[in-house]
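# Observations on the model geometry
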Amino acid sequence: MKPEPTPETAPYWEGAAQGELRIQRCRTCGRHYFYPRPFCRYCGGEGVEWVAVSGRARLVSYVISHRPVPGHEPLSPVIALVELDEGPRLMTNLLGVDPDPEKLPLDMRLTVTFAEHQGAVLPYFEPAKG
């Protein structure tokens, strides 16, 4: 199922289509946050902006899905919670790693990558090189 951008999420999807991970940052307190909303989740400020972030993250948690949702074939069975270096956490899939707990140490360094899937370009993460 292809995601349908809303006015609140359009910059996120436009960034993904251009190979750039974008999230919101509060102009008042300077903190980054995700998921998109018109006010800061930390201080309530309404002065928010979309910014490109580094795409570097660490693995916080994961699950290996052996039975995908009917009608949705993921690119990877590894569903992960990652924490961006800028602070926010995102749910994503991990690419480029075997679905084996021995190969998925918590705090593993990751980098964002983008892939087209079911008609949309989506951000995924993979183990950082080097």
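First, a word on what this report is: a plain description of the structure on this page.

What counts and what doesn't
Residues numbered from 1 in each chain as written. Predicted model: local features only at pLDDT ≥ 70, side-chain atom pairs only at ≥ 80, totals over all residues. Heavy atoms only, no water. Patch = residues over 30% accessible without salt bridge, like charges linked within 9 Å, V, L, I, M, F, W, Y side chains within 5 Å. Areas by Shrake-Rupley, 256 points an atom, 1.4 Å probe, with all protein chains shown as cover. Salt bridge = Lys/Arg side-chain N within 4 Å of Asp/Glu carboxyl O. Helix = DSSP H or I, 4+ residues; strand = E, 2+ residues; numbered from the N terminus. Buried < 20%, exposed > 50% of the residue type's maximum accessible area, 1.4 Å probe, protein only. Polar contact = N/O pair within 3.5 Å; in protein donor to acceptor, adjacent residues only side chain to side chain. Contact = heavy atoms within 4.5 Å. Phe/Tyr/Trp six-rings, centres within 6.5 Å; stacked < 30°, edge-to-face > 60°. Lys NZ or Arg CZ within 6 Å of the ring centre and 35° of its normal. Pairing = 2+ DSSP bridges.

## Some details on a nonpolar patch on the surface
Side chains of Val-63, Ile-79 and Met-91 sit close together on the surface and give an oily, nonpolar patch of about 270 Å² of accessible area. Here Met-91 shows up in strand β6 (residues 89-93).

## A short note on the environment of Asn-93
Along the chain, Asn-93 turns up in strand β6. For Asn-93, a relative accessible area of 15% corresponds to the buried category. Within the structure, Asn-93 has its side chain in polar contact with the backbone oxygen of Ser-76 (distance 2.8 Å). A polar contact is formed between the side chain of Asn-93 and the backbone oxygen of Val-78, at a distance of 3.4 Å.

## Concerning helix α1 (residues 10-17)
Every buried residue of α1 is listed here: Ala-10, Pro-11, Tyr-12, Gly-15 and Ala-16. The inward-facing, buried residues of α1 contact β1 (22-26), β3 (48-52), β7 (109-117) and β8 (120-127). Remark: Gly-19 follows α1 within two positions and exhibits a positive phi of approximately 75°.

## Comments concerning the packing of aromatic side chains
This structure, assessed with the given rule, holds 2 aromatic pairs. Ring centres of Tyr-12 and Trp-13 lie 4.9 Å apart, and the angle between their planes is 85°; this geometry places the pair in the edge-to-face category. Look at Tyr-12 and Phe-34: their rings are 5.4 Å apart centre to centre, the planes differ by 45°, and that puts the pair in the tilted class. Taken together, the residues Tyr-12 in helix α1 and Phe-34 in the loop between β2 (32-33) and β3 connect sequence positions 22 residues apart. Taken together, the aromatic side chains of Tyr-12, Trp-13 and Phe-34 make up a single cluster linked through ring pairs. Sitting above the plane of the Tyr-42 ring, Arg-31 keeps its charged end 3.6 Å from the centroid. Positioned over the ring face of Tyr-35 is Arg-37, at 4.0 Å from the centre of the ring.

## Structural notes on the pairing of β8
Across 8 bridges, β7 lies against β8 in antiparallel orientation. Bridge pairing in β8 places Ala-115 opposite Leu-122. Two successive antiparallel strands, β7 and β8, enclose a turn made up of 2 residues, where Gln-118 displays a positive phi of approximately 50°.

## A look at unusual backbone geometry
Even without being a glycine, Asp-107 presents a positive backbone phi close to 75°. Of note, Asp-107 is situated in the loop between β6 and β7. Phi at Gln-118 is positive, roughly 50°, even though this residue is not glycine. In this structure, Gln-118 sits in the loop between β7 and β8.

Structural measurements only, silent on function.
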